[in-house]
Structures are given as C-alpha cells and as structure tokens.
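Structure at a glance
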Amino acid sequence: MEYVKVKFPTRRRVYIDEEENGYTNEVLRIDAGTHDFELGNLANYRPASRTVTVKDTTVLEPLEIAFYRKEDE
Amino acid sequence: MTRARLAARLALAGWALLAAACASLPPENPPLASYAPESGYRFERLERGDNSDELFVIVTFSGGGTRAAALAYGVLEALRDTTIEWQGRRRALLDEVDVISSISGGSFPAAYYALRGRRIFDEFPDRFLYRPIQTSLVRLALWPGNWLKLAAPSYGRSDLAAEFYDREVFGGATYADVIARNRRPFVVLNATDMTTGTQFPFIQDQFDLMCSDLAGVSLARAAASSSAFPGGLTALTFRNYAGSCQYRQPAWVALAAADHAARVNPRRSARAENRLSLAADGPARPYIHLTDGGVADNIGLRGPLEAIASTNHPWSVLRLMNRQRVSRLVVIVVNAATNPATGRDRSAAVPGLIDTLSTAATVPLDNYSFDTVELLRSTVSEFDTGARLVEGCNRLSAGKGAQCALELPVPHKVELYPVQVAFEYIGSREERAWFKNLPTSFELPRETIDKLRALGRRLLAEDPQFQNLLKALNGCLAGGATTC
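No experiment lies behind these values; they were computed from the predicted model shown.

What counts and what doesn't
Residues numbered from 1 in each chain as written. Chains lettered and ligands numbered in written order. Predicted model: local features only at pLDDT ≥ 70, side-chain atom pairs only at ≥ 80, totals over all residues. Heavy atoms only, no water. Pairing = 2+ DSSP bridges. Helix = DSSP H or I, 4+ residues; strand = E, 2+ residues; numbered from the N terminus. Axes fitted to C-alpha atoms, helices over the stretch in contact; angles between N-to-C directions. Contact = heavy atoms within 4.5 Å. 1 Å grid on protein atoms, 1.4 Å probe; cavity = no way out; pocket = protein on both sides within 12 Å on 5 of 7 lines; lining within 4 Å. Points joined across faces, edges and corners; volume = space filled by probe spheres on them. Nonpolar A, V, L, I, M, F, W, Y, C, P; charged D, E, K, R; others polar. Buried < 20%, exposed > 50% of the residue type's maximum accessible area, 1.4 Å probe, protein only. Polar contact = N/O pair within 3.5 Å; in protein donor to acceptor, adjacent residues only side chain to side chain.

This part is about the sheet that holds strand E7 (residues 50-54) of chain A. Residue and element names in this part refer to chain A. Strand order in the open sheet formed by four strands is E3-E2-E5-E7, with antiparallel pairing between adjacent strands. Edge positions in the open sheet fall to strand E3 (19-23) and E7, since each of these has one partner strand only. Between one strand axis and the next, the sheet turns through 35° on average, direction left out of account. Bridge analysis of strand E2 (residues 13-16) against E3 gives three bridges, and the strand direction is antiparallel. Each bridged residue has a counterpart across the sheet, and for Ile16 the counterpart in E3 is Glu19.

Turning next to the environment of Ile16(A). Topologically, Ile16(A) is positioned in strand E2. When sequence neighbours within four positions are dropped, the list of residues in contact with Ile16(A) reads Asn21(A), Leu28(A), Ile30(A), His35(A), Asp36(A) and Phe37(A).

Residues and elements named next belong to chain B. Empty space within the second largest pocket amounts to approximately 1,000 Å³. What lines the second largest pocket is a set of 41 residues, and nearest its centre among them are Arg267, Arg271, Arg302, Glu306 and His313. Among the secondary structure elements, those contributing two or more residues to the lining of the second largest pocket are strand E5 (186-193), strand E6 (199-201), helix H9 (204-209), helix H12 (266-278), helix H13 (302-309) and helix H15 (353-399). Counting residues per element, the lining of the second largest pocket draws most heavily on H12, at seven residues. A class-by-class count of the residues in the lining of the second largest pocket yields 16 nonpolar, 13 polar and twelve charged.

All names here are of chain B. Turning to its location among the elements, Arg127 is positioned in helix H4 (residues 120-129). Given the relative accessible area of 31%, Arg127 is considered partly exposed. For the pair Arg127 and Leu137, spaced ten residues apart in sequence, the C-alpha separation works out to 15 Å. In this structure, Arg127 is in contact with Tyr112, Arg167, Glu168, Val169 and Gly171, ignoring residues within four places of it in sequence. Within polar-contact distance, the side chain of Arg127 engages the backbone oxygen of Glu168 at 3.5 Å. Here the side chain of Arg127 touches Val169 through a polar contact of 3.5 Å, landing on its backbone oxygen.

Shape descriptors only; they carry no functional weight alone.
Structure, rendered in structure tokens:
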C-alpha cells in the first residue's frame, strides 16, 4: 500500500487514472506504480495532469503531488 | 449383407455422426456491437437500494462440489437470520452484502442468489443441493444419444453439463435476467483461463476485452465454466471478438504495462498485460478455453483482495475508501477445503501414479489458498498498522505540549472484519476429521448436506471477528451465541 497527498489551495475532487478517488489535501491510499493525477475537467489549475510513479511511501510520509491555481502564476 | 450394402450403411452412419457433431456446437457468447461502459453487468451500474456502502460486505464461496455449495448456502441462511442495527434501523446482514465472489461448487448458490434473490431459500435445496447431480451427469455422458454430440471436437462433457444446469437448475436464465434484477450483491463467478492461468471473472468488464456481451451468456455456462473440474469435466470454449467493438482500455493499463521493466508493482503490470493479451486485435486468441476457477484460486478471494488493495480494479473498494464511502469492511471467506486422511505413510510401498498425480494437483492449490488467506490477514494488518501509527504519533507529539502537536493527517479510517468459515475451525477433532474427509462430488447424502448447512451457520456464529461485528452493530444471529 502506498500513500499520496494531492495538494491544492482548495478542496477539489482528485481523479487517479481517470477515476474519482477522494479529495485534495487528504491522505489517499493507492497501489504502487505509475498513475495519472488530475483535478477534474476544470481548467483553472495547472498542470492539467501529472503522471507520477508512486513507491516507497509510508503513511507518515505520503508522496505529495502539487497542483496550482492558474491565477497564482 | 453384401459388401456394397455394408459400405453404404457405414457411410450413412458416418455422415449421420458428422451431421450430428456439426449440429451440436455449444451456444456461442454473443459479440458486443460497440463498447458501452454505461451498460452491462458492472458493479457501479447496480442499484444500491437500501444497501449502504458505509458497511461494505464481501462474501467468498470456495470450490468443493456440493460440499462447498451446502456450506455456502448455510452461511447465506445465517446471514439472512443475522439482524444488525445500521443507520437507525434493524435489518438483515444479508441485505448489506455488496459482492459475492465464487468458485466452482460455490458458484451454484452464488449464481442462484444473483438470479432469484431470497427465493433461493425456497428453491435451491430441491433444485440443486439434494439432487443427485453427479448421477445425472454420468447418465447423460453414458447415454448413446449424447455420444454423437460428444464426438464433436468443440463439444465436451462440460457443455453437456451446462445444458443440464440450464434446463434443471437455472431455467434457461442468462445474465440479462441478472442485469434486469438490478440490485446488489454484485455476484462474480470465477473460472480460469487455461492459457494464461489467470482468473476469469464473469463480469462485463472481462467480456469487454473480448468484445462480447455477457448479457447473452447463460448462468448455466458460467457456473459450468467455474466448476469444470479438470479431468472429470472438460474446459468450455468462448469466442473472442477482440478488436470489433471500439474497446478502449482503462487509463491505468498502459501505465502499468510500461512499469514492467522497472518492476515497481509486478502484480499490477501482470494484470495489465493479461488484459492487453486478451484484447489484442486479430484477435490474437480467437477462442478462450475456461476451466475450473479453483485452478487459479480455490477460495475466490484473489479478486476481492485486488479490489481492496488497488484503485485499478473494476469494482475497486479502495476507491470507495478514498472517497470516504466505506467505514466498515467485512470479508467473509467460506472455505470448504478438505484434507482427506491417507494411509500412505503406513507402508513402505512407493505411492502409485494416481496418488502422486492427485497430490501434485491438489497440494499446490491448498498451499496457494493458505497464502491467499494470509494475504487477507496482512492486508488487514497493513490498514490497522497505518492508522495506529499516525494516531500514536499524533498522541505522542501532543503529549509533549501544544507547541509540539503534529496533527498528522490520517487516511480515512476503515474498520476491517476478516471472517473465516472453514472446517479447520471446528473445535472437536473427531468432527473436524469427519468434515475434512468429505468427498468432492456433485452428490452427497441429504443428512450430510443438512450437517454442512448447520455447520456453516455455527462456524459463522463462532468466528471471533463476526462476534466483534455483531457487538459493534448491536446485532444477533438467531440460534447463535448472542440471543436476538
């Protein structure tokens, strides 16, 4: 079992491999491997998606995957 | 009789045999006109009704012929008679079952429940459990009228068995009838793909790979595939129309296959590659041969374990956990595995060929089943350890003063209840030995079946995790330790 935390300034739905999987800023459980992360069809964040290989995490040290608001640029 | 007349008669007989053989092709699984993820037999398509996700219950039924079917049926009866308090009202635990995963003999009560719901309790004992199914199958195979059919290369004893189940057990029902019922539990009958050695679940997600419509497949053929015990019964053949329905693999498949060389998660990569192989255009494998589900996993727990530990599963429970939809997860494993006594070691004689072959065929399966149950235990322990670790760190840091408080985020908390119903948990050695020496057959004496039904109920009531669940849900099982 691996752990990730998708970071974003507000609470948003998190899509992993195109499937809904909880919310931003929460620790989510996931199986090891390469996954696609997105925040849905809204266009006001960047990057549009992130492809990340998740491995060697612990519940105390989840992998943090950050997204940003476009207006923060 | 002249030589010419004899030759003519032989030619006629040969022609009749050929015609009969050609006419007795088994029914084909229909092609899928176009890939339609919004329809078909899929977990997310079934109406939840009153069944909540918060209490998520998975039940697995193992293989083991009528022995397994009767034990599984006894557990279903016990779940019907178990009352819990959930979301402000009292209800039967059976109505909270979300998924049933079954193998071989266990697939008969599973399929029947998928089709008829609670009517199983009025119909199934006489339609299946108490019937001399084995005798009927042997008679059918020995009846000369069927020899012509059996002579066809694409028709085997399991096709004959499937016709019998279709007529006598399932009344001609197909998956279209199960889809029309449109309610949980999602029932997954499992067979084994002979070529890849992997589990083959009868769900639309699997049939999508072959561009085939599961709705047109009979429950009898699914149950016959799941219970095609090697040797006694033949494999069943399914058509693969891959490449003809504009199918699109889920996003994770390409990513997991690309992980192969890096060995990040070999199990996930293997699942992706298996999907790619089945769906390869051409198709690369135009026919798929399915044998007993027990060859890949005799307790039906591997699929549920993947659903609990992976977000990339057609009915992923982990996704539901991440969405905070599940707060209690119950996994009830009903395992009718036996361990027949043998006098082999009382003699210096070299064990015979049959003894050796049957040992070679069954021991690896039993060992694999043991490891599968251990995997469930370690998965549960991983969830518990993770949650306890974070809570412990938060408590320790808070104890050092407010300025040290960490408040580490905790993953959504899920309470897990792994429940096991298996002969090895029978207390009395004598009674345990009796059950562990029952044969694997589609025919058992009525009193043996009644004993298995009662045992399923008793072992469920005695399981410590089941008792914890009843305590947590203010529940009781009629006739069990906790009075209702």
